Amino acid sequence: MDLTTKYLGLTLRSPLVASAGPLTGTADGIARLAAAGVGAVVLPSLFEEQLRAEAERDSRLAEAYADSHAEAAGYLPGYQPGPEPGQVPRRYLDLIERAAAQTRIPVIASLNGVSPGGWTDYASAIQQAGASAIELNIYYLPGDPLLPSRDAERRYTEILTTVKAVVSIPVAVKLSPYFSSFGEMAVVLDHAGADGLVLFNRFLQTDIDPETFTVSSGFRLSTPAEAALPRAWISRLRGLVRCSLAASTGVDTYADVAAYLLAGADVVMSTSSLLRHGPDHARVLLDGLRAWLDRKGFGSVAQVRGLLAKLAEGEPAYGRTGYLSAIDQASHAYAARRLSRTPRLCKMPYARRLSLAGDLNYRRAGRRGGFCRV
């Protein structure tokens, strides 16, 4: 069974990619994922805030010794003179170097930021360390209600083009679905040079506790129910953009992987299921995918990719027709379920009947008085 696939111009041995998470944050974790058969790994993000803090620290140290003798730089702990004021955290570059040397699968580094600036120049150091590609995780929540949508959207293309200008390796953009016209945003990034789009990013799940009067911030693992939205957009974009499409969110079983491939995904990324079940779960997903392909009579992943991908226009399931059909089906299904669960209210006083039955028919029967027959 041929599971090889292309992503960002890279040849992967399987369409399953371990996305950014604790398991991809260590050389041992990456080695276990590689042994389980993943096609590539995405390292945890290197954040804009980390890089800015590092640059500011080095700048302060340099200024403190600006008037000292020429050998003063040798006494600065961790300071190395160079063309840039800051240094990429050494541990991140070391992880890239070790992972690239110890495994035969592509190692994709991740940069997480929200504003164009000098921090994007560190992409070149990531490339030099041996990364096969870079994933831009633009985690941006515009809180200013007066900020025009075009200004918020322009930020994505500015960051992308800035990074593309300093590296020669492929660059993917990880997006959220929260745009007034996501399809247009995807096409704009494709035209701006994105080698891939990752659908979708999951924002921090902030909530309010009415008992303690506190705002809680946390992060929940994804569930298969969340996969419907990215699958729908991958289906729409397949054939509309030239760049690769990566599915992210809601992968727990081989069936979730297969569904994404049928929608048109080039690769399927997973973090939550690997955290729930361990890195060896990647082997379970891939074995299940092989068995499914064999059972359906396919010899490769390429044969099923995009079989159910349709552009939104002309495909009833994704348009108004599908919307109205879904409402009609749900209305009939839930109405039948409610009627089947209606309690038998034979010879029950009116007040008791009314308190138990929310059904309009029983309310009407109650207003007429007497007892009802069921």
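As a reminder, the structure under discussion sits directly above these lines.
This one's a predicted model, so the numbers in the text were calculated from it and none came from an experiment.

Draft legend 1. Molecular detail of the pattern of salt bridges. Here the structure, examined in full by the defined rule, presents 13 salt bridges. K164 is paired through a salt bridge with D195; the nearest N and O atoms lie 2.8 Å apart. With K164 in helix α5 (residues 149-164) and D195 in the loop between α6 (182-191) and β8 (196-199), this residue pair connects regions lying 31 residues apart in the sequence. D266 is the salt-bridge partner of R305, the closest N and O atoms lying 3.9 Å from each other. With R305 in the loop between α10 (281-295) and α11 (320-340) and D266 in the loop between α8 (254-263) and β12 (267-270), the pair connects residues that are 39 residues apart, well separated along the chain. Side by side, R305 and D266 carry an identical accessibility label, which is buried. Three or more residues are tied together by salt bridges with common partners; here these are R32, D280 and R283.

Draft legend 2. Region of interest: the sheet that holds β8. Strand order in this closed barrel of eight strands is β3-β4-β5-β6-β7-β8-β11-β12, and the pairing throughout is parallel. Strand-to-strand twist of the sheet, defined as the mean angle between neighbouring strand axes without regard to direction, takes the value 25°. In the sheet, strand β7 (residues 171-175) pairs with β8 via four bridges, with the strands oriented parallel. Residue pairing in the sheet places K174 in a bridge with V198 of β8. Each of β6 (133-137) and β7 touches α5; the most contacted strand, β7, lies at about 160° to it.

Draft legend 3. Seen up close, the packing of helix α7 (residues 228-237) against α8. Direction vectors running N to C along α7 and α8 enclose 25°, while the axes themselves pass 8 Å from each other. As judged from the angle between their axes, α7 and α8 are roughly parallel. Two secondary-structure elements touch here, α7 through P230, R231, I234 and S235 and α8 through D256, A259, Y260 and A263. A per-class count over the contact of α7 with α8 returns five nonpolar, one polar and two charged.

Calculation notes
- Residues numbered from 1 in each chain as written.
- Predicted model: local features only at pLDDT ≥ 70, side-chain atom pairs only at ≥ 80, totals over all residues.
- Heavy atoms only, no water.
- Salt bridge = Lys/Arg side-chain N within 4 Å of Asp/Glu carboxyl O.
- Helix = DSSP H or I, 4+ residues; strand = E, 2+ residues; numbered from the N terminus.
- Buried < 20%, exposed > 50% of the residue type's maximum accessible area, 1.4 Å probe, protein only.
- Pairing = 2+ DSSP bridges.
- Axes fitted to C-alpha atoms, helices over the stretch in contact; angles between N-to-C directions.
- Contact = heavy atoms within 4.5 Å.
- Parallel < 35°, antiparallel > 145°, perpendicular 65-115°, else oblique.
- Nonpolar A, V, L, I, M, F, W, Y, C, P; charged D, E, K, R; others polar.

Purely spatial values, then, with no claim about function.
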